[in-house]
Amino acid sequence: MSVYQRIDSSEWTLDYPPLFAWFELGLSQVAQLFDGDMLLVENLNYVSPSAVLFQRLSVIFTDVLFIYAARECCRCVQEQKGSRDVLSRPSFVLAVLLLWNFGLLIVDHVHFQYNGFLLGFLLLSLAKHLQNRHLQGALLFSVLLNLKHIYLYVAPAYGVYLLRSYCFTEDQHDGSISWRSFSPLRLLSLGGIVSSVCALSFGPFIVMGQLPQVLSRLFPFKRGLCHAYWAPNFWALYNMLDKSLAVLGVRLKLLEEAELPRASMTGGLVQEFQHSVLPSVTPSVTLVCTLLSILPAVASIWWRPRGARGFLRCLLLCALGSFMFGWHVHEKAVLLAVLPLSILAVESREDAGIYLLLTTTAHYSLFPLLFSPAELPIKVFLMLMFTIYSFTALRKLHSARLLRPLESVYLMGLVAVAIACEVVFPLSPWQHQLPFLPLLATSVYCSAGVCHCFLRLYVSLLRQEEKHKRL
């Protein structure tokens with residue numbers, strides 16, 4: 001533990017919060033029974049059948065938490081009245097959408113991660129809030145935040161919701177806040193939970209004088225605006241516009257090619273990206289953009305809270321807003337919005353349409369994680385299975401058309417992009433001349449779909465505000 005955040009022997013940086021070190025310490029006690037050599041820090045790129053078996057079993061075992069969380073979420077779903085076949089009930093559909101989620105499957109069980117374990121904490125926390133067990137929900141989220149700080153994306157939604165709807169116990173007749181109803185005892189309870197978890201997580205590193213080192217690992221701003229593979233967000237579109245303007249400028253002899261910064265689109269685990277024409281983006285700019293993107297959603301649950309489902313909608317917008325405008329965002333971060341949106345999708349026709357578009361786009365954007373030819377039929381088959389079920393089950397559940405005509409056209413275009421990138425491009429001479437082209441096309445095309453879903457969620461929020469004002 002004393003050297004956990006000071007290890008520099010690997011190109012893969014240790015960028016997890018301290019509580020994850022305790023989790024890994026627990027795993028190591030079992031791992032040594034399989035193969036003790038995998039625990040040696042200097043054993044980089046170590047592979048053995050026993051090590052692989054342990055890793056796979058550890059993911060499967062820790063996913064028990066995700067399965068339990070999915071069960072709790074299904075208990076919170078509002079079932080429709082009338083007799084209904086078990087397979088068509090909202091709770092069953094939700095169970096399938098969560099447990100068979102294609103994106104989580106390839107991220108967790110193929111591209112090895114513990115995301116199912118972490119997302120299990122998130123879903124279980126959401127379920128506790130839907131069940132009005134707010135202190136339990138706060139405890140679970142505090143633990144989650146100290147396991148993986150990417151969940152800072154949704155922390156504003158949690159903070160504002162708990163302060164407004166738990167620490168203030170009553171509203172005015174018009175729904176506005178009643179300042180006299182503030183409960184200091186409830187605030188102290190929440191503060192005690194958060195402080196206790198943070199003390200357990202960071203305490204040993206503070207005692208050892210390693211807090212600055214821990215923070216530098218958690219927030220490595222030198223990594224650059226985008227990951228080596230651009231996540232499908234606003235900055236992918238910004239980068240594409242910059243590249244297009246640079247090429248156009250050179251063609252029109254407005255720019256000198258030799259003077260333009262040479263930035264790699266695909267190379268490197270950690271990379272700086274300098275824009276050629278448009279202003280280069282700094283971490284502070286992304287922070288401001290992120291805060292502005294989530295501000296209306298957070299303000300809505302402060303001024304006009306609509307219970308736990310209003311909080312869930314705010315959480316989705318915080319997750320997508322941070323994904324859209326955050327610094328060095330990973331493509332898998334879109335799952336923070338996809339999985340919670342499943343809960344609303346089985347209850348609302350409009351949310352079901354947004355879910356289908358976002359999920360299909362987000363899942364295809366994860367295709368580059370599985371890049372070998374042997375994996376192509378596997379990922380295509382698994383995604384088709386999940387997508388076909390999602391469309392048929394939600395359409396039957398809501399008995400209505402869920403996508404708008406242009407959205408259907410966009411998804412057909414996604415098929416064309418997939419064929420071009422996965423089948424045509426590898427057989428073309430461009431494979432060696434423009435190796436980055438499939439990643440570029442995937443990122444930019446999927447960015448348009450994710451942006452559209454983000455805007456649709458905000459439109460849905462504004463419509464609910466209008467309905468509330470009329471009432």
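Residues numbered from 1 in each chain as written. Predicted model: local features only at pLDDT ≥ 70, side-chain atom pairs only at ≥ 80, totals over all residues. Heavy atoms only, no water.

Colleague: Would you explain the overall build of the protein in this entry?
Modeller: Each helix and strand in the protein was counted, giving 18 helices and 0 strands. The burial tally for the protein puts 51% of its 471 residues in the buried class. A separation threshold of at least 6 residues defines the contact pool for the protein, and within that pool the share at least 24 residues apart is 73%. When the accessible surface of the protein is totalled, it reaches about 23,200 Å², and 66% of it is carbon and sulfur. (Helix = DSSP H or I, 4+ residues; strand = E, 2+ residues; numbered from the N terminus. Buried < 20%, exposed > 50% of the residue type's maximum accessible area, 1.4 Å probe, protein only. Contact = heavy atoms within 4.5 Å. Areas by Shrake-Rupley, 256 points an atom, 1.4 Å probe, with all protein chains shown as cover.)

Colleague: Sorry, what's going on with the packing of helix α7 (residues 155-167) against helix α12 (residues 307-325) here?
Modeller: Each pair of packed helices can be summarised by the angle the axes make with each other and by the distance between the axes. Orientation of α7 relative to α12, taken along the N-to-C sense of each, is 155°, at an axis distance of 8 Å. The angle between the axes of α7 and α12 places the two elements in the roughly antiparallel class. Where α7 crosses over α12, the handedness of that crossing is right-handed. Across the interface between the two elements, Pro156, Ala157, Tyr158 and Tyr161 of α7 pack against Gly307, Ala308, Phe311, Cys314, Leu315 and Cys318 of α12. Looking at the contact of α7 with α12, its residues break down into 9 nonpolar, 1 polar and no charged. (Axes fitted to C-alpha atoms, helices over the stretch in contact; angles between N-to-C directions. Parallel < 35°, antiparallel > 145°, perpendicular 65-115°, else oblique. Left-handed = near helix turned anticlockwise from the far one by under 90°. Nonpolar A, V, L, I, M, F, W, Y, C, P; charged D, E, K, R; others polar.)

Colleague: Can you help me understand helix α13 (residues 335-345) in this one?
Modeller: Count 3.6 residues to each turn of an α-helix, and residues three or four apart come out pointing the same way. Counting buried positions along α13 gives 11 out of 11 residues, so the element sits mostly inside the fold. Of the positions making up α13, those classed as buried are Leu335, Leu336, Ala337, Val338, Leu339, Pro340, Leu341, Ser342, Ile343, Leu344 and Ala345.

Colleague: Can you walk me through the packing of aromatic side chains in this structure?
Modeller: Given two aromatic rings, one states the distance between the centres and the angle between the planes to describe the pair. This model, assessed by the stated rule, comprises 23 aromatic pairs. Arranged with centres 4.6 Å apart and planes meeting at 0°, the rings of Tyr410 and Tyr445 form a pair that is stacked. Here Tyr445 lies in helix α18 (residues 437-470) and Tyr410 lies in helix α16 (residues 405-424), a separation of 35 residues in the sequence. Relative accessible area serves as the criterion here: at 24%, Tyr445 is assigned to the partly exposed category. In textbook terms, an aromatic cluster arises when at least three aromatic residues are bridged by ring pairs, as seen for Tyr16, Phe20, Phe23, Tyr114, Phe117 and Phe121. Note that Lys148 overlies the ring of Tyr16, its terminal NZ or CZ placed 3.8 Å from the centroid. (Phe/Tyr/Trp six-rings, centres within 6.5 Å; stacked < 30°, edge-to-face > 60°. Lys NZ or Arg CZ within 6 Å of the ring centre and 35° of its normal.)

Colleague: What should I look at first to understand unusual backbone geometry in this one?
Modeller: Positive phi values are uncommon outside glycine, yet Asn132 reaches one of about 65°. One can find Asn132 in the loop between α5 (115-130) and α6 (134-147). Residue Asn132 is classed as exposed on the basis of its relative accessible area, which comes to 59%. Unusually for a residue other than glycine, Ser399 sits at a positive phi of about 50°. Structurally, Ser399 can be placed in the loop between α15 (376-398) and α16. A relative accessible area of 64% places Ser399 in the exposed class.

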